[in-house]
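Architecture and fold: a report
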Amino acid sequence: MAFSNNHTLISRATRVIGDLYFSGELQLEGKVTGNIVAEDEKDAKLVIADTGLVEGEIRAPVVIVNGKVVGNIYSSKHLELAAKGNVTGTVHYHSIEMVKGAQLNGSMVNNQQEPSGTMDISAKAQ
């Protein structure tokens with residue numbers, strides 16, 4: 001995705017306490033204690049860098065995790081767990097990509113399936 005006028009960066013030295021609402025693309029290198037929500041945008045994208053930490057729920061169409069998330073993720077389009085990604089919680093996704101080294105401790109729920117399509121997982125991608 002090319003940079004647009006709706007690109008926001010939260011740097012490593014920044015800590016946000018409270019819910020964060022965004023549109024466009026959000027690059028998180030710092031820490032957020034609270035929920036992150038993409039506001040009514042089909043192409044919103046959240047990228048959590050390897051230094052990023054989220055303690056709360058995430059709701060966005062596209063989510064890329066290379067940092068740490070403690071909370072549930074709701075991705076309506078695509079979820080990517082990159083090599084340094086570490087998620088503790090339930091991930092809801094339409095499509096998912098897990099790279100070698102990514103960690104997921106929780107449940108995976110495919111939005112294309114019935115609610116009974118839940119799989120518990122506590123594993124480290126090898």
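Here the structure is shown first, and the text comes after it.
Below is a short write-up of the structure. Not measured: the values here are computed from a predicted model. (Residues numbered from 1 in each chain as written. Predicted model: local features only at pLDDT ≥ 70, side-chain atom pairs only at ≥ 80, totals over all residues. Heavy atoms only, no water.)

Some remarks on the overall build of the protein chain
If you tally the helices and strands in the protein chain, you get zero helices and 16 strands. Within the span of the protein chain, comprising 126 residues, buried residues form 43% of the whole. In the protein chain, 7% of the contacts between residues at least 6 apart in sequence involve partners at least 24 apart. Here the protein chain has roughly 6,700 Å² of accessible surface; of this, 47% comes from carbon and sulfur atoms. (Helix = DSSP H or I, 4+ residues; strand = E, 2+ residues; numbered from the N terminus. Buried < 20%, exposed > 50% of the residue type's maximum accessible area, 1.4 Å probe, protein only. Contact = heavy atoms within 4.5 Å. Areas by Shrake-Rupley, 256 points an atom, 1.4 Å probe, with all protein chains shown as cover.)

Notes on the pairing of strand S15 (residues 103–110)
Counting buried positions along S15 yields six of eight residues, so the element is predominantly enclosed. Bridge count for strand S12 (residues 86–88) against S15 is three bridges, and the pairing is parallel. For Asn86, the partnering residue across the bridge sits in S15 and is Gln103. Note: strand S13 (residues 91–93) against S15, three bridges, orientation parallel. (Pairing = 2+ DSSP bridges.)

Topic: the packing of aromatic side chains
In the structure shown here, the tally under the stated rule is zero aromatic pairs. Sitting above the plane of the Tyr74 ring, Arg59 keeps its charged end 3.9 Å from the centroid. (Phe/Tyr/Trp six-rings, centres within 6.5 Å; stacked < 30°, edge-to-face > 60°. Lys NZ or Arg CZ within 6 Å of the ring centre and 35° of its normal.)

Here's the deal with the environment of Leu28
Mapped onto the elements of the fold, Leu28 is located in strand S4 (residues 25–28). Considering only alpha carbons, one finds Leu28 and Ala49, 21 residues apart in sequence, at a separation of 5.9 Å. If near-sequence neighbours (up to four positions away) are discounted, Leu28 is found in contact with Ile10, Ile36, Val47, Ile48, Ala49, Gly52, Leu53 and Val54.

Notes on the nonpolar core
In terms of nonpolar packing, the biggest core is built from 26 residues, with Ile36, Ile58, Val65 and Ile73 touching the most fellow members. For this core, the elements supplying multiple residues, two or more each, are strand S3 (20–22), S4, strand S6 (36–38), strand S7 (45–48), strand S9 (58–65), strand S11 (73–81), S13 and S15. In terms of residue count, S9 provides more of this core than any other element does, four residues in total. Those residues within four positions of Ile73 in sequence are excluded, and the remaining contacts are Ile58, Val63, Val65, Leu79, Val87, Thr90, Val91 and His92. (Core = buried A, V, L, I, M, F, W, Y, C linked by side-chain atoms within 4.5 Å.)

So, the pattern of salt bridges
Under the definition given, this model contains four salt bridges. Its salt-bridge partner being Lys84, residue Asp50 comes within 3.5 Å of it at the nearest N-O pair. A residue pair is termed long-range when its members are at least 10 positions apart, and Asp50 in the loop between S7 and strand S8 (53–55) and Lys84 in the loop between S11 and S12 qualify at 34 residues. Overall, the relative accessible area of 39% leaves Asp50 in the partly exposed class. Classification of Lys84 by relative accessible area gives exposed; the value is 56%. Where Arg59 meets Glu57, a salt bridge forms, and the shortest distance between an N and an O atom there is 2.8 Å. (Salt bridge = Lys/Arg side-chain N within 4 Å of Asp/Glu carboxyl O.)

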